[in-house]
Structure formats: structure tokens, C-alpha cells
Amino acid sequence: MMPLRLFLLLFCWLPTVSAKRTRGYFRLSGVNTEKVLSSFVVGPKGGRLTVRLGIDDPYPNDQHLKFRVYNDTVWSKFQKATICTDKIKYAMTTSDLSFVVKGTGPLAPKGGKWQAVKTINIADPNDEAMKIDTPRYYYFVVDDCSLEQYLQDGAVPNVYYEITTWNYYGNDKARKTTQMSYDEGHLLLVHEWSCILGLIILLWLVSNVVFRVARKKNKRTVHAAALWITVAAALDCLSSLCEVGHLEMYHYNGYGNYALDCLATQLEAVCDALIVLFLLSIGNGWTLPSDVISSSGSTVQHLLQDVAKPLSGVMRLNATGIASGLVIVWHMGLAQWGRTYNDDFDTYHSYSHLPGKILMITRVGLGLLFLGSCMQTGYQTKVPSLKQFYGVLGFLGCIWFQGLPVITFVCNWMLPFHWQYPAVFWASATLQICMIFLLAWLVTWQNSSYHQYSHMSATREEGLGESLASMSSQPREWSVMGKAKVRFD
């Protein structure tokens, strides 16, 4: 995959926003005596970090200001401790932070009349006391326990911080470094494969659409469902492409390209929303003529009857159209909200924060709604083969809807810290590419029982005239170029 990496690295070598390096401001007080600066997974070959602090006003008694490192074996105890003096008992490394006048030592990128810089080794394989056999999470904390005893809140200045962490890799003679956390080393490979597989599916869909539009017969029709899934596949592929570019840059500069990372997150969120809306529409009988579904619907079917004509609802801006827009905005909002918790990387896929948990609840609820819709549509259809189709569709759709929440819960409950994020990410990427493949098959494979009765292949030249002759309402079409048309319903 070296050509792909070289292309993306050259393509993405643009002016970057310094938003990916872990940096910011904090202010300690008697209530908040410590500040968690960052977390990082270090591999068995070890790593190191450099922390830089800068202040414009003198810090009172900076001999009490400490930098401490905690690992994942004691982190839960640190969080449960109520006072600073109890928390620091679990630190595995403690370092002093003494401020010096700017110009006498290494300078932080941003202001400050006084600077404090400290570089330490983490999990050094040459030190028996620090050597580790398995990757571990490390948490980096600055604290001042004296603030619990002395009322100095008014004298404590705002502190600017920047923390840079490296992992070692390679052999002992050439210990190369990367600024990627050990549990994020898999990201590049996963996104590369997602990009390649997504591109194959996208080319398959595009060729199918082009074939239908360019055919020489009088009626050249492509269903909107095929275009819908083509757009979703394109968004997923482009999201992986942007993330690969960001990760390539992150490997070298430690913060990547914020614009690419943000764009990848939003594209994936819109892709998820489009898949949700498509599954709900198909589950409610979109593209099926009225002569194969009984007209008397259940309560669920009545509530969602407009979902069976999604594009009509969008054009008329009825309740279905508005709800569809809200689903897309909801996914995009949760994606951006998730990024505010930890901007070192696209942590939206960890789902361990509040917006991630809300997304999991949303997926479970929409999955139950989808399953109910498939059951009702299958019950109402007059064709036995369609009953079987909706049974399979409901099963596969539920795997996509409910699979990720279940996997997230199981991984966070059973796996070690350094395996939780990779396992969840691999599962989400696999579910996504498999669902896009199945939906691509659904809108292109003409020999399925669903296509025999669906408007997706309802054209005169395909011999379905008899099947559609008794329809009470003909599918609406929209001319796009010459004789080529897009069928809506």
C-alpha cells in the first residue's frame, strides 16, 4: 500500500492547524488541585515524553507543583480517591516542576515569562523497575496538593501546557519514534483497507448507474435507491481517505491535519445517517407497489407510512422529511461533540464518552424501530418470497444497528484498556463495510425476489409490466438528462 500512502502524504501536505498536539491552559485551585493533561498507550519497547509549562505571573511556592505519571492498573483508584494527598499515593513517577525565566531554558511555543520543562522516560525496557511486557495506558497529571491546606487560589496563575509523547519502535540499535499511541497504530491499516474495499464497492455502484443511464433502449431509468447507496459508499470511502492522510501526517508531526480529521468524522457521521434512513425506508416497504402489500396497516405502519416514500417526504418537507434531516443533524452533532472530549485523535469511535453513549442508545432505539417495521411489512405482503426477504433484512439490519452497542459494552467490560479501542474500532469498520456491501447488492442484483416486485427494476423492457399493471399509483420519475430518468418511489 506504499503508493497509496505516498499519494496521500503528498496530497495532504498542506498548512496544518496546531490542534492535534496536546496543549491548552489550566488553573489549579483548592477544589481542583490536579489537572489530567493527557493519556497515552506505551508499548513494550518503551517511550518518553516532554511536558512544557508557561506562566506570565509568578507561581507561589512552585516547589509543591509536581508532574506525576499513573498507569492503568491504579487509575481507577486515583479517580476514586477524594483528596490530593490520597491520589498521589498511586503515582509511579513523580517529577518536580521548577519555573525559570524565559530564555534560560527550552521555550514553549506560546508565551509565558517563566517556563518549566521536563523530559522523562516511560516504561524504559533497559530499566527493570519500569520495564513492561504488555502495552499499558499512562496518564499524565500536574498537581499542587498544598492548595488543599493554604488559601492561595487568588495567587495561582493560568498555566499554559504542552505535552508531547513518543513511542519507540524498531530494533534496539535504531530506536525510531512515533507520536502515535500504541493502541492507535492499527488505525492506518484499517483505514487503508476500508478505503480500498470502499473504492471497489463504489466503482461497482457507479458502473451500475452508468450502465442504466447509458443503455441504448428507449427507457433509461435508474432508481434513486441506487444513487442513495452510491452516495453513502462515496462518503465512507472519502472519510477513510481523509483519515489516512491525517494519520500519515500525525505519525511525523504529532498533530496531523485538523481539517482532514474533522472532515473524516463528519463524512462518516453522514454516511451512518444515510444508512439508517435507507434501512428504515426499505423496512417500511419503499419501492414496493401497492398490489403486493395490503392497504390496512398496523399502528406502527400508520405512524411510519410516509417513510415508505422518503424522497417525496423530503420534497414536500413533511414530517418524514423533517425527521430525516434531524437524523442527519443528530449524527453530525454527536460526532462533533465527541471530538471535544479528546482532540488528540478522532475518539468518536471509542464511544466511552457521553455523546458516544447517546449514539449507542440511539442505535438501539432505531434498531428496534427498524425490526418492528420489517416485521409489519413482511406480515402485510402477499408474496411469500418477500416475507422471507424481510425476515433476512430484519436480521441483518439488526446486526448493524445492535451489533456496535453490544460490542462496545462487551469490549469495555471484558478487555484490557489497551485493547478496548482497537477492538471497537475494528468491529465498527467491519460492520460498516459489510453493510454497505449488502446494500450495494440489494440495489444492483436484479435476480433477487425483492427486485421482481420492486420499482427498482420496474421497466417495460425488463418484463415486469404485468406485475405493475395493477398498481393503484405509478412510481414517480424525474428526468435528469435526455431520456434518462431517476425513479423516486
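Residues numbered from 1 in each chain as written. Predicted model: local features only at pLDDT ≥ 70, side-chain atom pairs only at ≥ 80, totals over all residues. Heavy atoms only, no water.

Let us look at the overall build of the protein chain. On a plain count of helices and strands, the protein chain comes out with 14 helices and 13 strands. Out of the 489 residues belonging to the protein chain, those deemed buried represent 53%. Considering only residue pairs separated by 6 or more positions, the protein chain has 78% of its internal contacts joining residues 24 or more positions apart. (Helix = DSSP H or I, 4+ residues; strand = E, 2+ residues; numbered from the N terminus. Buried < 20%, exposed > 50% of the residue type's maximum accessible area, 1.4 Å probe, protein only. Contact = heavy atoms within 4.5 Å.)

Attention shifts here to the environment of Lys 382. Along the polypeptide, Lys 382 turns up in the loop between helix H10 (354-380) and helix H11 (384-414). Taking relative accessible area as the criterion, Lys 382 reaches 55% and is therefore assigned exposed. Through-space distance from the C-alpha of Lys 382 to that of Asp 291 is 8.2 Å; in sequence the pair is 91 residues apart.

This next bit is on the sheet that holds strand S4 (residues 66-71). The antiparallel open sheet is built from 4 strands, whose spatial order is S2-S8-S4-S5. If you trace the sheet from one side to the other, it starts and ends with strand S2 (34-42) and strand S5 (93-96), each paired once. Here the strands of the sheet are splayed against their neighbours by 20 degrees on average, with no regard to which way each runs. In terms of strand pairing, S4 meets S5 through 4 bridges, oriented antiparallel. Across the sheet, residue Arg 68 finds its bridge partner in S5, namely Thr 94. (Pairing = 2+ DSSP bridges. Axes fitted to C-alpha atoms, helices over the stretch in contact; angles between N-to-C directions.)

To continue, consider the packing of helix H6 (residues 258-283) against helix H12 (residues 417-444). At their nearest, the axes of H6 and H12 sit 12 Å apart, and the two run at 45 degrees to each other. In terms of orientation, H6 and H12 fall into the oblique class. Where H6 crosses over H12, the two elements pack in a sense that is left-handed. For the pair H6 and H12, the contacting residues are Glu 268, Cys 271, Asp 272, Ile 275, Phe 278, Leu 279 and Ile 282 in the first and Gln 432, Met 435, Ile 436, Leu 439, Leu 442 and Val 443 in the second. (Parallel < 35°, antiparallel > 145°, perpendicular 65-115°, else oblique. Left-handed = near helix turned anticlockwise from the far one by under 90°.)

Per the stated rule, a full pass over the model turns up 17 aromatic pairs. Aromatic pair Trp 75 and Phe 78: ring centres 4.5 Å apart, planes at 10 degrees, arrangement stacked. Placement of both Trp 75 and Phe 78 in helix H2 (residues 75-80) is noted, with a separation of 3 residues, approximately one turn of the helix. Accessibility assignment for this pair places Trp 75 and Phe 78 in one class, buried. Seen from the ring of Phe 78, Lys 87 lies directly overhead, with NZ or CZ sitting 4.6 Å from the centre. (Phe/Tyr/Trp six-rings, centres within 6.5 Å; stacked < 30°, edge-to-face > 60°. Lys NZ or Arg CZ within 6 Å of the ring centre and 35° of its normal.)

Per the stated rule, a full pass over the model turns up 5 salt bridges. Across the pair Asp 143 and Arg 68 runs a salt bridge whose closest N-O atoms are separated by 2.5 Å. Placement of Asp 143 in strand S8 (residues 136-143) and of Arg 68 in strand S4 is noted, with a sequence separation of 75 residues between them. We classify Asp 143 as buried; its relative accessible area is 1%. Taking the relative accessible area as the measure of exposure, Arg 68 reaches 8% and is therefore buried. Put simply, Lys 89 and Asp 86 hold a salt bridge, and the shortest N to O gap is 3.4 Å. By relative accessible area, which is 62% here, Lys 89 ends up exposed. (Salt bridge = Lys/Arg side-chain N within 4 Å of Asp/Glu carboxyl O.)

Summarising the element assignment, Thr 230 is placed in helix H5 (residues 224-253). Taking the relative accessible area as the measure of exposure, Thr 230 reaches 12% and is therefore buried. Separated by 210 residues in sequence, Thr 230 and Ala 440 place their C-alpha atoms 7.8 Å apart. Setting aside chain neighbours within four positions, we find Thr 230 in contact with Leu 202, Leu 205, Val 206 and Val 209.

This next bit is on the pairing of strand S7 (residues 114-122). Each regular strand displays side chains that alternate between the two surfaces of the sheet. Bridge count between strand S3 (residues 47-55) and S7: 9 bridges; the pairing is antiparallel. Bridge pairing in S7 places Thr 50 opposite Thr 119. For strand S6 (residues 100-101) and S7, the ladder comprises 2 bridges, and the chain directions are antiparallel. The residue of S7 that forms the bridge with Val 101 is Trp 114.

What follows concerns the confidence of the model for the protein chain. Here the protein chain shows a mean pLDDT of 78. Residues at 70 or above account for 76%. Across residues 5-20, where pLDDT falls below 50, the model places 38 contacts with residues more than four positions away in sequence or in other chains. Counting interchain partners and residues more than four positions distant, the pLDDT-below-50 stretch residues 104-109 has 13 contacts. (pLDDT = per-residue confidence, 0-100.)

Another point: the packing of H10 against H11. With their axes 9 Å apart at the nearest point, H10 and H11 run at an angle of 170 degrees to one another. Between H10 and H11, the interaxial angle falls into the category roughly antiparallel. Residues Met 360, Arg 363, Val 364, Leu 366, Gly 367, Leu 368, Phe 370, Leu 371, Cys 374, Thr 377, Gly 378 and Tyr 379 of H10 pack against Lys 387, Tyr 390, Leu 393, Gly 394, Gly 397, Cys 398, Trp 400, Phe 401, Gln 402, Leu 404, Pro 405 and Thr 408 of H11. Among the residues forming the contact of H10 with H11, the class breakdown is 15 nonpolar, 7 polar and 2 charged. (Nonpolar A, V, L, I, M, F, W, Y, C, P; charged D, E, K, R; others polar.)

Our focus in this paragraph is the environment of Ser 181. The residue Ser 181 is located in the loop between strand S10 (176-178) and helix H4 (187-214) in this model. The sequence separation of Ser 181 and Asn 167 amounts to 14 residues, and the corresponding C-alpha distance is 6.9 Å. Once you skip the residues sitting within four places of it in the chain, Ser 181 turns out to touch Phe 40, Val 41 and Asn 167.

The biggest cluster of nonpolar side chains holds 59 residues, and the ones touching the most others in it are Phe 278, Leu 279, Ile 282 and Tyr 450. Taken together, the elements giving at least two residues each to this core come down to H4, H5, H6, helix H9 (319-339), H10, H11 and H12. Residues within four places of Tyr 450 in sequence aside, it is in contact with Ile 282, Trp 286, Thr 287, Leu 288, Leu 386, Phe 389, Tyr 390, Leu 442 and Met 456. Among the nonpolar cores identified, the runner-up in size contains 28 residues, and Leu 49, Tyr 59, Phe 99 and Tyr 161 belong to it. (Core = buried A, V, L, I, M, F, W, Y, C linked by side-chain atoms within 4.5 Å.)

Time to look at H11. Taking 1.5 Å as the rise per residue, H11 with 31 residues should run 45 Å; its terminal C-alpha atoms sit 43 Å apart, in good agreement. Of all the bends in H11, the largest measures some 40 degrees and sits at Gln 402, one to four residues before the proline Pro 405. (Expected span 1.5 Å × (residues − 1). Bend = angle between axes of the 7 residues up to and from the residue.)

Quick look at the state of the cysteines now. In this structure the tally under the stated criterion is 1 disulfide. The partner cysteine of Cys 84 in its disulfide is Cys 145, sulfur to sulfur 2.0 Å. Looking along the S-S bond of the Cys 84-Cys 145 disulfide, the torsion reads about -65 degrees, which is the left-handed sense. Highlighted residues: Cys 84 in helix H3 (residues 84-87) and Cys 145 in the loop between S8 and strand S9 (159-169), separated in sequence by 61 residues. Accessibility expressed as a relative area gives 1% for Cys 84, which makes it buried. When its relative accessible area of 11% is taken as the criterion, Cys 145 is described as buried. (Disulfide = S-S within 2.5 Å.)

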